[in-house]
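The residues making up each chain are set out below.
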Amino acid sequence: MNKSMSLLIGGIQGEGVISTGVSLMKALSSLGYYVYEKRDFSSRIKGGNSAITIHAGIEKKLWVEDQVKVIIALDDDTVKKYYHLLSSDGIIFYDAALTLDFQLPEKIKLIPLPITEIAKASGATLMKNTSAMGFISALLGITADNVTSAIKNKYKHKGEEIINKNITVLKNVFQYAQENLKEYQTLKLTPANKISRPLMMGNDAISLGALAAGCRFIASYPITPASEVMENLSKLLPKHGGVALQVEDEIAAVNMIIGASYGGTRSMTATSGPGLSLMMEGIGLAGMTETPIVIVDAQRSGPSTGLPTKHEQSDLIGLYFGGHGEYPSIILTPTSVEDCFYATMRAFNLAEEYQCPVFLLSDLSMSLSHQTIDELEPHRIQINRGKLYQPNTGQEEYKRYQLTEDDISPRALPGTAGGLHHTTGLEHNELGFPNDQPGNRRNMMDKRMKKTAPLQENEEIIIHSHQRDVLFLSFGSTYGVIKGAMEIAEEPLDYGYIQMIKPLPTQQLKRILEKYKHVVIVENNYSQQLATIIKSELGYHEKIHSLTKYDGTPFTLNEIITEMGGWI
Amino acid sequence: MNKSMSLLIGGIQGEGVISTGVSLMKALSSLGYYVYEKRDFSSRIKGGNSAITIHAGIEKKLWVEDQVKVIIALDDDTVKKYYHLLSSDGIIFYDAALTLDFQLPEKIKLIPLPITEIAKASGATLMKNTSAMGFISALLGITADNVTSAIKNKYKHKGEEIINKNITVLKNVFQYAQENLKEYQTLKLTPANKISRPLMMGNDAISLGALAAGCRFIASYPITPASEVMENLSKLLPKHGGVALQVEDEIAAVNMIIGASYGGTRSMTATSGPGLSLMMEGIGLAGMTETPIVIVDAQRSGPSTGLPTKHEQSDLIGLYFGGHGEYPSIILTPTSVEDCFYATMRAFNLAEEYQCPVFLLSDLSMSLSHQTIDELEPHRIQINRGKLYQPNTGQEEYKRYQLTEDDISPRALPGTAGGLHHTTGLEHNELGFPNDQPGNRRNMMDKRMKKTAPLQENEEIIIHSHQRDVLFLSFGSTYGVIKGAMEIAEEPLDYGYIQMIKPLPTQQLKRILEKYKHVVIVENNYSQQLATIIKSELGYHEKIHSLTKYDGTPFTLNEIITEMGGWI
Amino acid sequence: MTNIKDYDNNITPNWCPGCGHFSIQRALQVVASRLEIPNEKMMVVSGIGCSGRISGYMNTYSFHGIHGRSLPIAQGIKASNKDLTVIAAGGDGDGFAIGLSHTLHAIRRNMNVTYIVLNNQIYGLTKGHTSPLSEVGFQTKSTPTGSLENPIRPGIVALSNGITFLGQGFSAYQEQLIDTIVKAVQHDGFSLVNVFSPCVTYNKINTYQWFREHLVKLDEDEGYNPQDYQMAMNKLIETDGLCTGIIYQNEGTPSLLEQLQPKDASALSKMDLQLSKDHFNSIINQYR
Amino acid sequence: MTNIKDYDNNITPNWCPGCGHFSIQRALQVVASRLEIPNEKMMVVSGIGCSGRISGYMNTYSFHGIHGRSLPIAQGIKASNKDLTVIAAGGDGDGFAIGLSHTLHAIRRNMNVTYIVLNNQIYGLTKGHTSPLSEVGFQTKSTPTGSLENPIRPGIVALSNGITFLGQGFSAYQEQLIDTIVKAVQHDGFSLVNVFSPCVTYNKINTYQWFREHLVKLDEDEGYNPQDYQMAMNKLIETDGLCTGIIYQNEGTPSLLEQLQPKDASALSKMDLQLSKDHFNSIINQYR
Ligand SMILES: Cc1ncc(C[n+]2csc(CCOP(=O)(O)OP(=O)(O)O)c2C)c(N)n1
Ligand SMILES: Cc1ncc(C[n+]2csc(CCOP(=O)(O)OP(=O)(O)O)c2C)c(N)n1
Ligand code: SF4
Ligand code: SF4
Ligand SMILES: [Mg+2]
Ligand SMILES: [Mg+2]
């Protein structure tokens, strides 16, 4: 029996491989296992190979192992592309309907399973996925009952007949396994504690975080790997009185949420690199007019269209410094699916407290990888709408951009009597009217640029210390694999992640850079973006080192461990 | 007699003040004087006050003095807004038709001139500008003949009658001056050497540089302070077989020049901040497809619409780091009008040699301020079209993105037999076809990101040394005033400018930072953009200091001199 | 009727004397007073251009956005708070060059927003450049030998894209303009009012005089029926777009927000944002 | 006639089996061979989407740009080298959502470029989202209760914006499609061919069957005269856009480049770039 297990399921893209993997993960999560997933898919709809690697175990992990113990191959390509990932005691189970007419190293253990055959026998080749799921479950030691309820759930909208057919498939699979697969008992998972947990990907958690934070409007344009945020909210928002719109482009999206947010509704959009580039002008308008907006950027490999279905963390520095002219913004970088939920809630608060654009910077692995998550507590973060103008307080004339001690001025929402004012992307005076006098300009620039300064004093870096003098620092989904490497390393180093990059928590960083001899910044991009930002603000060039990867794939455990080798 | 003179002409915006100033500057330049201009205008068409400060002298200067010796006021506002700029021996000449019903300090010397009266007497109030120009000329000691030919030139398209009327005005003005203004002989300029020189603003020189570099296509969208580039080329290009198009927006503009340049024509666009933000996605496409394009960014005060008619240098860092994903680009920063010409020619060469976007980063003061310039030598820079594929060389299969030693691959222009290939913003292989394999991705990223590296070894910083251990470093139009301050300072410091910021000339910079005790970086923005870039790449935080200004106006001599005080 | 002056914020517009935009500003103020819109319930959103400055002269909530994006911003505000009367306004360059896509998509989206185009067939603010609505042959600094591109005819394009309310006006025909905008604001759905608004400084062709000579007033044509789509299309083709009044109105189509939110639903901006624990759990359970 | 195969680069398209886009790719190849366009003189530019991949399957020069911008790129190439046959191609989202403004401005600009819309009334590549050409009520992940916005009718909008060549086709009507594209390419000016191209994976409404039932073939209608603007407009309204063949052609208007450059002028990309000293001086002298 195994405390954990890595397996890979592969097949022809568009034929249900991924959804089979997700159903399996759901079943495992509901049985108390923690799963984590890594996907390999191409930017085409049907055809080509697609594969999903699943790590399942009784402990929570945010990475998959570099090697897998089991491969379930529903097409030839899966065998060809992935056999080299097999651990020395690993096994490839393949659909007996495949021909496998190519050579493989002799040591590779290949076991045929009647996946298609059983599906066909029960009525339809289409049920091949159910059949495959049955086989994997049987191998992992999940009972027929548990799988059956997962399958019922999956097909609940498809009607009795379909459900029953699928159940028949499962029955036959389990019977076959009972009779023929006894020798693979070793593949079984240690029984888990039966606490049923949700399975989610980052984009799901972001959508729920938005809903819980009181977001009631999203305007968005589809793009991989961000579309699910819009899709989820298209379902959820109308049920909570909100509105979700797919609009003509990203420029419309950002300007529409500026309008909606100015109008008093917590509003957001979600996009990836190309859309973000198009939004730059609108983001500057939000910065200049001090309008709170929340933008999710699920990063993918750039530049340009790049590799739309591959992972990268390369929009960071463009966001940090980008746009014409200068305006404040906030960048949050969640490191787990749960974190996506809380960071999104926090993003809406920060946007209204500091009246500026807030970016929730995710990445493809984070946004699209399913994870078993611990219970989410929406009430952990209280909704804080920031300074709002209260009518009829007998105040003097309302000034939208009043110079205040903390550089933040109360917002009057349209509709509020007594709060009439003008808003413009031109430089303006305290009342909001255009003004080009140098003195006013200085005051207004100072006000805007300084208002987020208090955040620099926050503690935004979370470190797991082993009392070593080398720190591995990262952000986003990259953290998971570093944690993984450190957990299995004999001599783990200190490691941590940064959850807000802008404003940069300079106080804490300075302490960290003073304390450690070396800080290795690990990120998925070419130009060492986080390292560059930190260097530009704080120096310490001789202490800061970079480990980067920009080939479209996340770091592997081995890559981290190799790098660690140089620092021990 | 004066070797140089600063004067300010002000009046109601839209009533010809600026054009009067320009005519005057043209006349002075053709007589051998060097002039430099600074403007103050508002973002409205008619009404409001607008003023032009002119520095004229027998030596070349790229700044105006903080104080002026003469103010010519064509409206009340000019007196009110600018009297405090008057030097202690200065004089305000005002149109006697003004009422001036407000208080001024007693020491201010006010002399009425019958500007409107003489114009009216000769037929039309409209000729007030000619009248004013006559008066100024008379005061400065320019002969009636010289002014007459300037006025003839100015009105050459308006017909005999108008010209004659204006000449009458001039005659009357000079007669009046002869009789009544003898006591102001002291205002006369020392006679110059009579070498007639052109008068141009940065946008003019950029347009001519483009033409001389072989640019034959511009697609552009109007925006202050860049529109003149399109306007000039709309006249010039058709005469040289080229095409100029005003298109629907900046996104169309950048994509159209990508197409045109890919098609084999040297192509450009010109814009300012808001347009630049909109172009970010297209710029990334040029970066990814290795298509040469030239983009002029004439910076103005941001963020958002900001102060569209005010000066700033705040797009730099966004360009340096901006856009989603990572791609190479080149940023040139000319410091004088002549430099605008040569830098533009160079930009077209660099774009084709390095096959990437090249930015010519100007600023409002540079783009819109007229200067007397020394003769331009278009043949100083030879056209170099970079690596082009030559058909029929018996080569093997053509590879658009062939991995080469210098990371630059020959371009085949469409129409070329044997050069057929695919171009895509997706990651691609050497042939140009989409490819998402990690190994290929790494090679292609390395190729693109490394190809401009040799430029880092260039000497791009020009220093004027006084053997001091403090260096004032700047870029763009800011350099002129620093040069001015150093020239009049008793203890001048070393000073210089950087003419290519990306790739950063790191070799030279390192030597400079080693050599000097302190480097003060002077720039018109809030966040110390050039300083931040240098710090991020090289460190030296303790040596690098910043002098910034972000109130919409360029530095004054006094501001630089005050700062120098701290370093002497 | 409230007082017209109530809608003026006493800032002197920075338009050139004689600019057509003045009359449109005044018309908007009269419309507000005729419809007795409480100042704080009125929202004027504008783009960039001489035209864009209009929002800054209204004693209402006002938002001067970026070039070409007045409609996305205005639609966002309306979606956010349906209780506001939302007017978007901008120039011909704003709405038909850089913002053309938003204009056509706003038409299809059919939110209850009124869009007023301050159409001078030129770019005023940039000091006279050719606009997509400039006629063929129009000379400016960007087309020194005359524009070669077919002008967009806003009315025809809007109509062919399924607009539910289309009006046109002329700065010099105040009463008709006011009437048209009143009807546009009252229309439940997207309304576009294209106003010919001479730029006296840069457009020396399409002057007040020129418009007086070329415009046809539809409300003086007894047989004209703005409910008739085909008649509207024919009229626009026949007059080459040079007609004023209510050109077309389709009252049958419900506006977008009406379809998205029940009539009695609260505006988004006024909703209780707390999510009950039960509710949250029921959502989470779908992920199990 | 050259060989059809000459225009194929032997890369297997990554479209789903049965996708309508295959036939359009083939049609393009047949058109090229019928017109005997030398491979190196043919330029195919495309946007992003399943549709956008089409340029990568042509044995010609080809440019796969960014989402919605195929037309600016294509026009830039044509302006740069008028000797090339330039085809732009893209999806309905590409050309009528994010790229709508470029489409309409390309129509007015009337450069000699042929634009082929691979219209499946859905976003294929993003796995099935509603498009601005999707019908009211269309359900996808982004409009789970059905789209509420009026679909754009590409034909009517193009016609009302002054297009000089408008054709429509259907992936399953190969011969008609080829004929229409041949005529479009031969047309001297901008031509748009809107091709109904079923997405078999995500669009379960507008299927091959559906189109066969709804499309009217104009070339089978003897009385139809594509030179007649009014007839074209009426036919589009009558069929709700569901007709195929050459809908409208105006041969009288010269294309933009013809107006900008003399017929015998060299292409921009082939010009001598040297500026003579005299010439330069004469320009400089205007600044004295
Ligand atoms: C993105 C962007 N591009 C260009 C500009 C410059 N610009 C300001 S107003 C304007 C056009 C003005 O024309 P129009 O919309 O017709 O308004 P008008 O001034 O004629 O009323 C332009 C191009 C800008 N502000 N933003
Ligand atoms: C700026 C930008 N936004 C979004 C996307 C994501 N995206 C890729 S293709 C596409 C739409 C595809 O639909 P369509 O143009 O109809 O082509 P089809 O796939 O249906 O052939 C979108 C939204 C992108 N690539 N770039
Ligand atoms: S330039 Fe034209 S549009 Fe602008 S304010 Fe003056 S008259 Fe009006
Ligand atoms: S998803 Fe649709 S459009 Fe895309 S390739 Fe498949 S069938 Fe064609
Ligand atoms: Mg206009
Ligand atoms: Mg489509």
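Reading the values: the criteria
Residues numbered from 1 in each chain as written. Chains lettered and ligands numbered in written order. Predicted model: local features only at pLDDT ≥ 70, side-chain atom pairs only at ≥ 80, totals over all residues. Heavy atoms only, no water. Helix = DSSP H or I, 4+ residues; strand = E, 2+ residues; numbered from the N terminus. Rg over C-alpha atoms; globule rule 2.2 N^0.38 Å. Buried < 20%, exposed > 50% of the residue type's maximum accessible area, 1.4 Å probe, protein only. Contact = heavy atoms within 4.5 Å. Near = heavy atom within 4 Å. Polar contact = N/O pair within 3.5 Å; in protein donor to acceptor, adjacent residues only side chain to side chain. Areas by Shrake-Rupley, 256 points an atom, 1.4 Å probe, with all protein chains shown as cover. Nonpolar A, V, L, I, M, F, W, Y, C, P; charged D, E, K, R; others polar. Salt bridge = Lys/Arg side-chain N within 4 Å of Asp/Glu carboxyl O. Pairing = 2+ DSSP bridges. Axes fitted to C-alpha atoms, helices over the stretch in contact; angles between N-to-C directions. Donors = N, O, S within 2.8 Å, 3.2 Å for Na, K, Ca; no water. Buried area = accessible area lost by both parts, 1.4 Å probe. Phe/Tyr/Trp six-rings, centres within 6.5 Å; stacked < 30°, edge-to-face > 60°. Lys NZ or Arg CZ within 6 Å of the ring centre and 35° of its normal.

A. Structural detail: the overall build of chain A. A count of helices and strands for chain A gives 18 helices and 21 strands. Relative to a compact globule of 568 residues, whose C-alpha radius of gyration would be 24 Å, chain A shows 26 Å and is just as compact. Once the C-alpha set of chain A is aligned to its principal axes, its extents read approximately 85 × 55 × 40 Å. Counting across all 568 residues of chain A, residues that qualify as buried make up 68%. For chain A, the proportion of contacts with a sequence separation of at least 24, taken over those separated by at least 6, is 74%.

B. Quick look at the environment of His466(A). Residue and element names in this part refer to chain A. Within the element layout of this structure, His-466 appears in the loop between β16 (461–464) and β17 (470–474). Each C-alpha atom of the pair His-466 and Asp-95 lies 47 Å from the other, and the pair is 371 residues apart in sequence. Contacts of His-466, omitting those with residues within four sequence positions, involve Pro-492, Leu-493, Asp-494 and Tyr-495.

C. Molecular detail of the site of ligand 2. In the region of ligand 2, 24 residues are neighbours, and Glu250(A), Cys50(D), Asp92(D), Asp94(D) and Gly124(D) sit closest. More than a single chain frames ligand 2: its nearby residues are located in chains A, B and D. Take Asp92(D): an N or O atom from its side chain is 2.7 Å from an oxygen atom of ligand 2. At 2.8 Å, a backbone N or O of Gly124(D) approaches an oxygen atom of ligand 2. For ligand 2, whose accessible area on its own is 590 Å², the fraction buried by protein is 98%. Elements that contribute at least two residues to the shell around ligand 2 include exactly α10 (273–289) of chain A together with α3 (92–98) and β5 (122–123) of chain D. The dominant element in the shell around ligand 2, judged by the number of residues it contributes, is α3(D), at four residues. Grouping the amino acids of the shell around ligand 2 by side-chain chemistry returns 11 nonpolar, nine polar and four charged.

D. Representation of the pattern of salt bridges in the model. All names here are of chain B. For the coordinates displayed, the defined rule picks out 77 salt bridges over all chains. One salt bridge in this structure joins Glu-37 and Arg-39, with 2.3 Å as the shortest N-O distance. For Glu-37, a relative accessible area of 0% corresponds to the buried category. With relative accessibility at 24%, the residue Arg-39 sits in the partly exposed group.

E. Spatial organisation of the sheet that holds strand β16 (residues 461–464) of chain B. Residues and elements named next belong to chain B. Ordered by their spatial adjacency, five strands build an open sheet running β16-β18-β17-β20-β21, and the pairing between neighbours is mixed. In the strand order of this sheet, the two ends are held by β16 and β21 (544–548), each with one partner. Shown here is a sheet whose adjacent strand axes are inclined to one another by a mean of 25°, direction ignored. Pairing geometry for strand β20 (residues 518–523) and β21, over five bridges, is parallel. Looking across to β21, one finds that Val-522 is bridged to Leu-547. Most of the contacts of helix α16 (residues 506–515) go to β16, to which it runs at about 30°, and overall it touches β16, β17 (470–474), β20 and β21.

F. Up close: the coordination of the magnesium ion (ligand 5). All names here are of chain C. Protein ligation of the magnesium ion (ligand 5) involves Asp-92 (OD), Asn-120 (OD1) and Ile-122 (O), the donor distances falling in the range 2.0 to 2.1 Å. Look at where the donors of the magnesium ion (ligand 5) fall in the sequence and you get D-x27-N-x1-I. Of the two residues, Asp-92 is situated in helix α3 (residues 92–98) and Ile-122 in strand β5 (residues 122–123); the sequence distance between them amounts to 30 residues.

G. Structural detail: the interface of chain B and chain C. In this assembly, 18 residues from chain B lie in contact with 28 residues from chain C. The junction of chain B with chain C conceals about 1,800 Å² of combined surface from both sides, 56% of it contributed by carbon and sulfur atoms. Linking chain B with chain C are zero salt bridges. Where chain B packs against chain C, one counts eight residue pairs in polar contact (both at pLDDT 80 or more). Element by element, the count of residues in the side of chain B that touches chain C is highest for helix α8 (residues 227–239) of chain B, at five residues. Across the side of chain B that touches chain C, the residue classes tally to five nonpolar, six polar and seven charged.

H. View of the packing of aromatic side chains. Under the definition given, this model contains 41 aromatic pairs over all chains. Taken together, a centroid distance of 4.8 Å and an interplanar angle of 75° make the contact between Tyr320(A) and Phe321(A) edge-to-face. With respect to class, Tyr320(A) is no different from Phe321(A); both count as buried. Pairing Tyr526(B) with Tyr550(B) gives two aromatic rings, centres 4.9 Å apart and planes at 65°, and the pair type is edge-to-face. Taken together, the residues span a long stretch of sequence, with Tyr526(B) in the loop between β20 and α17 (529–538) and Tyr550(B) in the loop between β21 and α18 (557–565) at a distance of 24 residues. Each member of the pair, Tyr526(B) together with Tyr550(B), is buried. Aromatic rings pair up to connect Phe170(C), Tyr173(C), Phe196(C), Tyr208(C), Trp210(C) and Phe211(C) into one cluster. Positioned above the aromatic ring of Tyr320(A) is the side chain of Lys502(A), whose terminal nitrogen or guanidinium carbon lies 5.4 Å from the ring centre.

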